[in-house]
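Fold and geometry: a report
Here is how the chains run, residue by residue.
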Amino acid sequence: MVHSAYDSFELLNNCPTKIDAIESYGSNLLISCSDGSLRIYGPESSVSNQSPPSDFHPQNLGLQQERYVLERTVNGFSRRQMLAMEVLVSRELLLSFSESIAFHRLPNLETLAVITKAKGANVYSWDDKRGFLCFGRGKRVCIFRHDGGRGFVEVKEFGVPDTVKSMSWCGENICLGIRREYMILNTTNGALSEVFPSGRIAAPLVVSLPSGELLLGKDNIGVLVDQNGKLIQDGRVCWSEAPAVVVIQKPYAIGLLPRHVEIRSLRVPYPLIQTVVLRNVRRLVQSNNAVIVALDYSVFGFFPVPLGAQIVQLTASGNFDEALALCKMLPPEDSSLRSAKEQSIHIRYAHFLFENGSYEEAMEHFLASQVEITYVLALYPSIIVPKSSFIPEPQKFVDVGDAPYLSRASSGLTDDLDSMPSNVLESDEMDIESKKMSHNTLMALIKYLQKKRYSVIEKATAEGTEEVVSDAVGDSFISYGTGRSKKPTKIIYGLPEESLNVREGRIHAPITSIARDMAAILDTALLQALLLTGQSSAATDFLKALNYCDVKICEEFLQKRSQHACLLELYRSNSMHREALKLLHQLVEESKSEQTTKFKPDMIIEYLKPLCATDPMLVLEFSLPVLESCPMQTIELFLSGNIPADLVNSYLKQHAPNMQATYLELMLAMNENSISGNLQNEMVQIYLSEVLDLYAELNSQQKWDEKTCSPTRKKLLSSLESISGYNPEVLLKKLPPDALYEERAILLGKMNQHELALSIYVHKLHVPELALSYCDRVYDSGLQQHSAKSYGNIYLTLLQIYLNPTKTTKNFEKKITNLVSSQSPGIPKVGSGTTTKVKGGRFKKIAEIEGAEDTRLSPSGTDSGRSDGDTEDAAEEGGSTIMIDQVLDLLSRRWDRIHGAQALKLLPRDTKLQNLLPFLAPLLRKSSEAYRNFSVIKSLRESENLQVKDELYSQRKAVLKITSDSMCSLCNKKIGTSVFAVYPNGKTIVHFVCFRDSQNMKAVGRGSQLRKR
């Protein structure tokens, strides 16, 4: 026996006649005896106070747990043996089943109706809800309906394969137990559907459950099926023997077995609850508050033990599941007591399961008990949690006492639920320590904390939001809701004044909330449990999301176990970016020394990306170590983070000047527009400074060579040519007078001092190719600006330099000195200068071929006003030869860009025409081709003009015939002989007067609109 669910009490003994059937009505017992009489018994205490003896006791009373005495006897109640009796409470009727079925009105037992067709019936079933009666007679099943008055109406009759042994209503159908099988009878059409065979030993048994399901007996097994006969999973009630009768009184099933009465739970797996040994039991009947057991000459009552007492018994014996099931059956008015009982049982059950190794189930019951998290964490001494002044230390659990009416007097049991089992609270300390910190216990704890976490975090977040809103509206006091208090302000909330945040005249004290403290305890414990079970990746993901981990405790825990990835996420989630970056930098350096790739410099860059918008100075500070190893990624970080380039440059200039040039180079390579003129100028200044240092060093050693081209000088030359943000005048002053001629030439070109730049290429560097490339660049830039004609004179400037080498050399240093010292814009550019008339007539035809309209040279920045005789004089003055080979090479290679007439005027008189053939031949071909092309174009234009004239004449010849039916399109009147006008389409005709009026109206309309504007 598990526990006592019922108390057995002998209500009646020594009945003078053998008992055939028994029923209860109110607090009375109705006993049908073998002599055909009906004996009515009542409680001894009530009978002594009852006057008229013939009246029943009120039916709302149940059976009393005391001795019963005879009140009266109704002789001749039945002629034959009574098979069964049933009180129909809702209709105040008594159904008696003997040789037929009769109905008697209560309480005077007047016979209301007798169903004679039920004569010979052996089984029946009553549907109290609808008032339907069915009974089995032989191989027939009859159905009657109570008409609400004194009679019953036959509804239907069906035939069945064999004699019905047991039957019960199941909804609108009837479940039949015939000789060897169970069947469902459809009362609408009489269709039979088989369920399964019955047992071989015991007779069929059909019992209806309050839920609408059916319990079908198959020998010693009760099979549960639904109203359609489908088996219910896990629906097997195993009796010790085959029961003859089964009575359902929730939550138990009471079965009458040959040698005893067996009580089983209706919860899976339908365990045995109690056994009551009684011999010669004839009837087992359910009453409103008890179960009646009738023997031959005595009657026993099985009275349910109060639920509270049963809960105590079950808990004391360790049957916690049954105890919890009974808790749910406590009356609704005792909901607070029920929740307290359930919490108590859940906690005890959890302790029991925890100590027996069922850790996950234990946590499920801790979760159901709604006990504080700290109570559960007390079972894990190695889990360190933060302390809170708002959350008390977990205390020993004390059970809620039973309500007075739930205690029992007859069972002799004591309510020992208030005392914890000794094996739960007292055990070997070392064994418990090792057990509680095992992997399984921690896994169970993780699942428990994860299930609790959602509600705890939600409350903590809500409180945080409330405080932010409160602070935003300027509350000057701290509202705590539950557990908070408003403290006096003179002591300033119990804190030193310097520790508070004073803002705009308001004091903001640090606020501690219960919900956030609980969230901190939960998250701190959860993180430790995850790491102790080896779930590092899960711990990292946990820290990436919103969490309330205690920084100090978790930091020490993670450092002790070298969980660097988790520590980084802990710092990140708490905005401790400086600590995180220091740790990350340390880990990267250690990985380099150990030659591993666990921590790469890229990780620092990835960490810094979200910080660009909030803390750019921190980004700059910790990006320096990775700028050398990952320059491209670092520059991308600066660009993607929208950190001002000037800020980055100034920081590098102060803290890492050796990386300044690298940064500017990469910035320029990735996005030229992202660098301002100041930064471009600074990058060139850096290059120039390094080149000047190299020059000074080599010059002091007398090893300087103008052709020396170090990597930095290459960068300088490339920068001077490609970028335009620097100031060439400032840089020009820094150049030495006798070196770095190529740089000087580029700078002079930027200042549009083309003659000086070309002079350097020709006379200082002695590289005509560079001079020609320079001219090409100037000419191409003029093409882009749609002014190539003016920039074409750059080749004439180079031609003059070739033709006057001595003069150019003499004046070069003087012009450079004047340019650097004054920086005046008086130096002429290409396209400005004096004009010269053409002397002589021998170049006249060549000039005409070129198509020059005037014989003057275009304005030039060179001294182009001299004649051929001047050229010769200059050559004679210098006593040096003209660079005629370079002149001819230039003319032959760039003949299509040089003005032929002006070039011929600059050449010396003794130049042979044969040497000019590479220049004149393509020039003449081009001129002739152009002449032919223009002639063709002229002819085409004249032809087109003639075609247009012809079309005009043909249009003017159009004929419009005016008839008597011709109508004006404006006034819809006939044209007649009036003056008319024709629209351009040649079809629309109007009166001239109408046309004029319409034009005047349009003019007036346009004038009014203009006035409105």
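Residues numbered from 1 in each chain as written. Predicted model: local features only at pLDDT ≥ 70, side-chain atom pairs only at ≥ 80, totals over all residues. Heavy atoms only, no water.

A word on the overall build of the protein chain
Selection rule: A run of DSSP states H or I qualifies as a helix once it reaches four residues; a run of E qualifies as a strand once it reaches two. Both are numbered from the N-terminal end. A 1.4 Å probe rolled over the protein chains alone gives each residue an accessible area, and that area as a share of the maximum for its type sets the label: buried under 20%, exposed over 50%, partly exposed in between. Working rule for contacts: check all heavy atoms of both residues, and any pair within 4.5 Å makes them a contact. A 1.4 Å probe and the Shrake-Rupley method give the accessible areas. Residues count as covered only by the protein chains that appear here.
Scanning the protein chain for helices and strands turns up 34 helices and 32 strands. For the protein chain, buried positions account for 45% of its 1013 residues. The contacts of the protein chain with a sequence gap of at least 6 include a subset with a gap of at least 24, amounting to 56%. For the protein chain, the exposed surface amounts to about 52800 Å²; the carbon and sulfur share of it is 51%.

Let's talk about the packing of helix α14 (residues 577–594) against helix α15 (residues 601–608)
The condition that has to hold: In this analysis an axis means a line fitted to C-alpha atoms, helices contributing only their contacting stretch, and an angle means the value between N-to-C directions, from 0 to 180 degrees. Reported orientations rely on four angle classes, namely roughly parallel under 35 degrees, roughly antiparallel over 145, roughly perpendicular from 65 to 115, and oblique for the rest. Helix crossings get a hand from a simple test, with the near helix turned counterclockwise from the far one by less than a right angle marking a left-handed crossing and a clockwise turn marking a right-handed one. Classification convention: Asp, Glu, Lys, Arg as charged; Ala, Val, Leu, Ile, Met, Phe, Trp, Tyr, Cys, Pro as nonpolar; all other residues, Gly among them, as polar.
The contact between α14 and α15 brings their axes to 9 Å, and the two run at 165°. Taken together, the axes of α14 and α15 are roughly antiparallel relative to one another. The hand of the α14/α15 crossing is left-handed. Residues H577, A580, L581, L584, H585, V588 and K592 of α14 touch α15, and the partners they reach there are P601, M603, I604, Y607 and L608. Taken together, the residues of the contact of α14 with α15 sort by class into nine nonpolar, two polar and one charged.

A short note on the side chain of E23
We apply this condition: His is not counted here, nor are the chain ends, while Lys and Arg score as positive and Asp and Glu score as negative. The term salt bridge refers to a side-chain nitrogen of Lys or Arg lying within 4 Å of a carboxyl oxygen of Asp or Glu. By the criterion applied in these results, polar contacts are pairs of N or O atoms within 3.5 Å in which, for protein atoms, one can donate a hydrogen and the other can accept it, and in which residues neighboring in sequence qualify only through two side-chain atoms.
Examined against the element boundaries, E23 turns out to sit in strand β2 (residues 19–25). The charged side chain of E23 is buried without a salt bridge, its nearest counter-charge being R283 at 11 Å. Within the structure, the side chain of E23 is placed 3.0 Å from the backbone nitrogen of V87, a separation counted as a polar contact. In this structure E23 touches N28, L29, L30, M85, E86, V87, V285, Q286 and I292, once residues within four positions along its chain are discounted.

Digging into the pattern of salt bridges
Under the definition given, this model contains 21 salt bridges. Here E10 and R67 are joined by a salt bridge, their closest N and O atoms 3.8 Å apart. Placement of the pair is E10 in strand β1 (residues 6–12) and R67 in the loop between α1 (44–49) and β5 (68–74), with a sequence separation of 57 residues. Residue classification places R67 among the partly exposed residues on the basis of a relative accessible area of 32%. With a shortest N-O distance of 2.8 Å, K447 and E360 are connected by a salt bridge. Residue K447 is found in helix α9 (residues 439–472), and its partner E360 is found in helix α5 (residues 359–369); the two are separated by 87 residues along the sequence. Assessed through its relative accessible area of 36%, K447 is described here as partly exposed. In this structure E360 comes out as partly exposed when scored by relative accessible area, which is 42%. Through salt bridges that share partners, K117, R140, E154 and E157 make up one connected network.

Considering the nonpolar core
How we decide: Buried Ala, Val, Leu, Ile, Met, Phe, Trp, Tyr and Cys residues that are joined via side-chain atoms within 4.5 Å together make up what is termed a nonpolar core.
With 176 residues, the main nonpolar core has F366, L445, Y448, L527, Y663, L799 and L891 as its most contacted residues. Per-element accounting of this core gives the leading share, 12 residues, to helix α10 (residues 514–532). Excluding residues within four positions of it along the chain, L891 makes contact with L799, I898, A903, L907, L916 and F919. Core analysis: the second largest hydrophobic core is formed by 18 residues, L93, I115, A121 and L133 among them.

Structural notes on the environment of L284
With respect to the secondary-structure elements, L284 resides in strand β26 (residues 283–286). Of the residues examined, L284 reaches a relative accessible area of 7% and is grouped as buried. When the C-alpha positions of L284 and F300 are compared, they lie 9.8 Å apart, and in sequence the two are 16 residues distant. Excluding anything up to four places from it in sequence, L284 contacts V245, V247, I254, G255, L256, V291, I292 and V293.

Structural notes on the confidence of the model for the protein chain
Just so we agree on the cut-off: Note: pLDDT gives the predictor's confidence per residue, expressed from 0 to 100.
With 79% of its residues at a pLDDT of 70 or more, the protein chain shows a mean pLDDT of 78. Contacts of residues 398–428 to residues separated by more than four positions or lying in other chains number 55 contacts, the stretch itself having pLDDT below 50. Segment residues 823–879 is flagged for pLDDT under 50; beyond a separation of four residues in sequence, or across chains, it makes 92 contacts in the model.

Examining the pairing of β26
Counted only if it meets this: Here the rule is simple: two strands pair whenever DSSP picks up at least two bridges between them.
In this structure, β26 lies alongside strand β27 (residues 291–294), joined through four bridges in antiparallel fashion. Within β27, the residue paired with Q286 across the bridge is V291. The antiparallel pairing of β26 with β27 creates a hairpin that spans four residues between the two strands.

Here's the deal with the environment of G318
Here G318 shows up in the loop between α2 (307–316) and α3 (320–327). Residue classification places G318 among the partly exposed positions, given a relative accessible area of 26%. Each C-alpha atom of the pair G318 and Y349 lies 7.8 Å from the other, and the pair is 31 residues apart in sequence.

Re the sheet that holds strand β9 (residues 110–115)
Strand pairing in a sheet relies on backbone hydrogen bonds, with the paired strands running either antiparallel or parallel. Ordered in space as β6-β7-β8-β9, the four strands form an open sheet in which the pairing is antiparallel. The open sheet has two free edges, formed respectively by β6 (84–88) and β9, since each of these has just one partner strand. Neighbouring strand axes in the sheet, compared pairwise and without regard to direction, differ in orientation by 20° on average.

Looking at unusual backbone geometry
P107 follows L106 through a cis peptide bond whose omega is 10°. Here P107 lies in the loop between β8 (101–105) and β9. Cis geometry marks the peptide bond from V268 to P269, where omega comes out at 10°. With respect to the helices and strands, the residue P269 is situated in the loop between β24 (261–265) and β25 (272–276). Unlike most non-glycine residues, N280 shows phi in positive territory, near 55°. Mapped onto the elements of the fold, N280 is located in the loop between β25 and β26. In this structure, N972 takes a positive phi of about 60° despite not being glycine. Considering the arrangement of structural elements, one finds N972 in the loop between α33 (917–956) and β31 (980–982). Overall, the relative accessible area of 55% leaves N972 in the exposed class.

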